[in-house]
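Structural description and commentary
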Amino acid sequence: MPRELHLSVELNGTGHHPAGADPTAPLTAAPWADLVRLAEQGALDFVTVGDTPAPPPDGSGDSGDRLDAVAVLARVAPVTSRIGLVPTVTTTHTEPFHTSTALANLDFVSEGRAGWQVDVSSTEARAVGRLPRASAAELWAEAAGVAEFAARLWDSWEDNAEIRDAATGRFTARDRLHPMDFDGPHSSVRGPSLVPRPPQGRPPLAVALDVHDSDGQWELAAGHADVVLLDVDQPATVRLARAALLHRTEEAGRDPDALRVLVRVAVDLSGGAGPGPHSLPPADTVRFTGTAADLAGLLADWHAAAGTDGFHLLPASAPADLPAVVHELLPPLRKRGIFRTDYTGRTLRDHLGLPRPASRYARRTDTAR
């Protein structure tokens, strides 16, 4: 039986070519909800929503107006029930404690469907007090520290820490809350999280990665990522990059079988009626312009030849391309037996086939007992 693939899609407002689109649409809730519900109708694993303090590139047609990605998906969570919700949160200009808390809250309001796409920013961002620019190596080292910080905070409550004993008025068992006393080069904290452990234990962490990216970015992926969104342009490169990632993941003391590698594919499915190839995002990855049926063949061939776990689609125009993905791309993939007909689990970890991690502190406590 063919191995099933994972499919997800990037939703960044109007897409990578907003010409002709309503510029105010990304600033209201309804278009986001409509897009995510449509993606859920197709049983996609997850959607990502980008966020960055950087201005849009010249000539992109993007006004730069955008809502906070976590807030957008927190608004969408109650009107969806299965699809994973993965906002981008940059570690450069966001306090690590706030990042951890916001993502834990998103996991609660979505009932276990939150993820986190980690990114960094080289802008000065004077509004948040980050003036000097840092090197890429420094930024990604900081991101790895924040990822570790967040994981420890999520683990600081054991799963059974909430006892809610009305008779005694006790909400928590204090011996099941664990002060972190974490001191890193970029952040430190005393005490446990203010929020109980998220439904997934730790929301899955995603990292976008190019084969030419800095070693620090690769170290973040190997040491902390559950999902890698990989930019490559040949199946042979996928195999080499995936093998290197799995090897480095094992060297980092993690289970390489718990890493999912999805190839990013920039797509324009307008059939010539849309903005055309120039609308695809600048990326050293697969770029496809054509029909959904032809894209289905390409994905199936790459899935068989490259050994990838799946694909992350970057539409030229989300409102135009996502309906084609759901109604025209998925049926032939299902006919080939390589994509699900419906969700079989409820959480994002379920969709990705990832185990729910135990709290590192609970393991120590259990050993002591």
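Residues numbered from 1 in each chain as written. Predicted model: local features only at pLDDT ≥ 70, side-chain atom pairs only at ≥ 80, totals over all residues. Heavy atoms only, no water.

**Focus: the overall build of the protein**
Filter applied, for reference: Working definition: helices are DSSP H or I runs of at least four residues, strands are E runs of at least two. Numbering for both runs from the N terminus. Type-normalised accessible area, obtained with a 1.4 Å probe on protein chains alone, sets the label of each residue: buried when under 20%, exposed when over 50%, and partly exposed for intermediate values. Any two residues whose heavy atoms approach within 4.5 Å are treated as being in contact. We get accessible surface area from the Shrake-Rupley algorithm with a probe of 1.4 Å; when it comes to residues, only the shown protein chains can shield them.
For the protein, the count of helices and strands is 10 helices and 13 strands. Each of the 369 residues in the protein was classed as buried or not, and the buried ones make up 53%. Restricting to contacts in the protein with at least 6 residues of sequence separation, those with at least 24 account for 72%. With an accessible surface of roughly 16100 Å², the protein has 52% of that area assigned to carbon and sulfur atoms.

**What to know about the confidence of the model for the protein**
The cut-off we apply is this: You can read pLDDT as the predictor saying how much it trusts each residue, on a scale of 0 to 100.
Put simply, the protein has an average pLDDT of 85, and 83% of its residues get 70 or more. Mean pLDDT values over the elements of the protein span from 65, in helix H10 (residues 360–368), up to 98, in helix H9 (residues 348–352). Note that residues 16–20 has pLDDT below 50 and, in this model, 13 contacts with residues that lie over four places away or in other chains. Within the model, the stretch residues 274–278 combines pLDDT values under 50 with seven contacts to residues more than four positions away or in other chains.

**A word on the pairing of strand E5 (residues 162–165)**
Short version of the rule: Strands are labelled as partners when DSSP assigns at least two bridges between them.
As defined by bridge partners, E5 adjoins strand E6 (residues 170–172) across two bridges and the pair is classed as antiparallel. Opposite glutamate 162, over in E6, you have threonine 172 as the bridge partner. From the end of E5 to the start of E6, which pair antiparallel, there are four residues, and glycine 169 there has a positive phi angle of about 75°.

**Let's talk about the pairing of strand E2 (residues 46–49)**
Of the two faces of E2, the one holding Phe46 and Thr48 and the one holding Val47 and Val49 are both buried throughout. Here three bridges tie strand E1 (residues 6–10) to E2, and the two strands are oriented parallel to one another. By the bridge assignment for E2, valine 9 is matched with valine 47.

**Regarding a negative patch on the surface**
Here is the rule we go by: Only residues above 30% relative accessible area that lack a salt bridge enter a patch, with like-charged residues linked at up to 9 Å and the nonpolar side chains Val, Leu, Ile, Met, Phe, Trp and Tyr linked at up to 5 Å. Only one rule defines a salt bridge in this text: a Lys or Arg side-chain nitrogen within 4 Å of an Asp or Glu carboxyl oxygen. Charged residues are defined here as Lys and Arg on the positive side and Asp and Glu on the negative side; His and the ends of the chain fall outside this count. To locate a charge, take NZ of a lysine, CZ of an arginine, CG of an aspartate or CD of a glutamate.
Side chains of Glu250, Glu251, Asp255 and Asp257 sit close together on the surface and give a patch of like negative charge. Within the secondary structure, glutamate 251 sits in helix H6 (residues 235–251). Note on glutamate 251: relative accessible area 61%, which makes it exposed.

**So, the side chain of glutamate 10**
Rules: Throughout this description, a polar contact denotes any pair of N or O atoms lying within 3.5 Å of each other; where both atoms belong to protein, one of them has to be capable of donating a hydrogen while the other can accept it, and for residues adjacent in sequence the pair is counted only when both atoms sit in side chains.
With respect to the helices and strands, the residue glutamate 10 is situated in strand E1. Arginine 264 provides the closest opposite charge to the buried, salt-bridge-free glutamate 10, at an N-O distance of 4.4 Å. Polar side-chain contacts of glutamate 10 include one of 3.2 Å to the side chain of asparagine 12.

**Some points on the packing of helix H2 (residues 69–76) against helix H3 (residues 96–109)**
Applicable threshold: Every axis in this analysis is a line fitted to C-alpha atoms, fitted for helices over the stretch in contact. Angles between the N-to-C directions lie between 0 and 180 degrees. Here roughly perpendicular refers to angles of 65 to 115 degrees, roughly parallel to angles under 35, roughly antiparallel to angles over 145, and oblique to all remaining angles. Put simply, a crossing is left-handed when the front helix is turned counterclockwise from the back one by less than a right angle, and right-handed when it is turned clockwise. Only Asp, Glu, Lys and Arg are considered charged, only Ala, Val, Leu, Ile, Met, Phe, Trp, Tyr, Cys and Pro nonpolar, and every remaining residue, Gly among them, polar.
The interhelical angle for the contact between H2 and H3, taken along N-to-C directions, is 15°, at an axis separation of 9 Å. Comparing their axes, H3 and H2 come out roughly parallel. Along this stretch, H2 crosses H3, giving a crossing that reads as left-handed. On H3, the residues touching Val70, Leu73 and Ala74 of H2 are Ala102, Leu106 and Val109. Looking at side-chain class alone, the contact of H2 with H3 contains six nonpolar, no polar and no charged residues.

**With respect to unusual backbone geometry**
Negative phi values dominate among residues other than glycine, just as trans dominates among peptide bonds. Even without a glycine there, the phi angle at alanine 43 is positive, about 65°. The exposure class of alanine 43 is buried, given its relative accessible area of 1%. Even without being a glycine, glutamate 111 presents a positive backbone phi close to 60°. By secondary structure assignment, the location of glutamate 111 is in the loop between H3 and strand E4 (116–119).

**Some details on the packing of helix H7 (residues 292–306) against helix H8 (residues 318–335)**
Contact geometry for H7 and H8: axes closest at 8 Å, N-to-C directions at 45°. Here H7 lies oblique to H8, going by the angle between them. The two elements H7 and H8 meet at a crossing, and its hand is right-handed. From H7, Ala292, Leu295, Ala296 and Leu299 reach across to H8, where they touch Ala324, Glu328, Leu329, Pro332 and Leu333. A breakdown of the residues in the contact of H7 with H8 according to their chemical character gives eight nonpolar, no polar and one charged.

**Overview of the side chain of threonine 285**
In this structure, threonine 285 sits in the loop between strand E11 (260–268) and strand E12 (286–289). Looking at threonine 285, the relative accessible area reads 6%, which means it is buried. Within the structure, threonine 285 has its side chain in polar contact with the backbone oxygen of arginine 264 (distance 2.5 Å). The contact partners of threonine 285, leaving out residues within four places of it in the chain, are Leu230, Asp231, Val232, Asp233, Val263 and Arg264.

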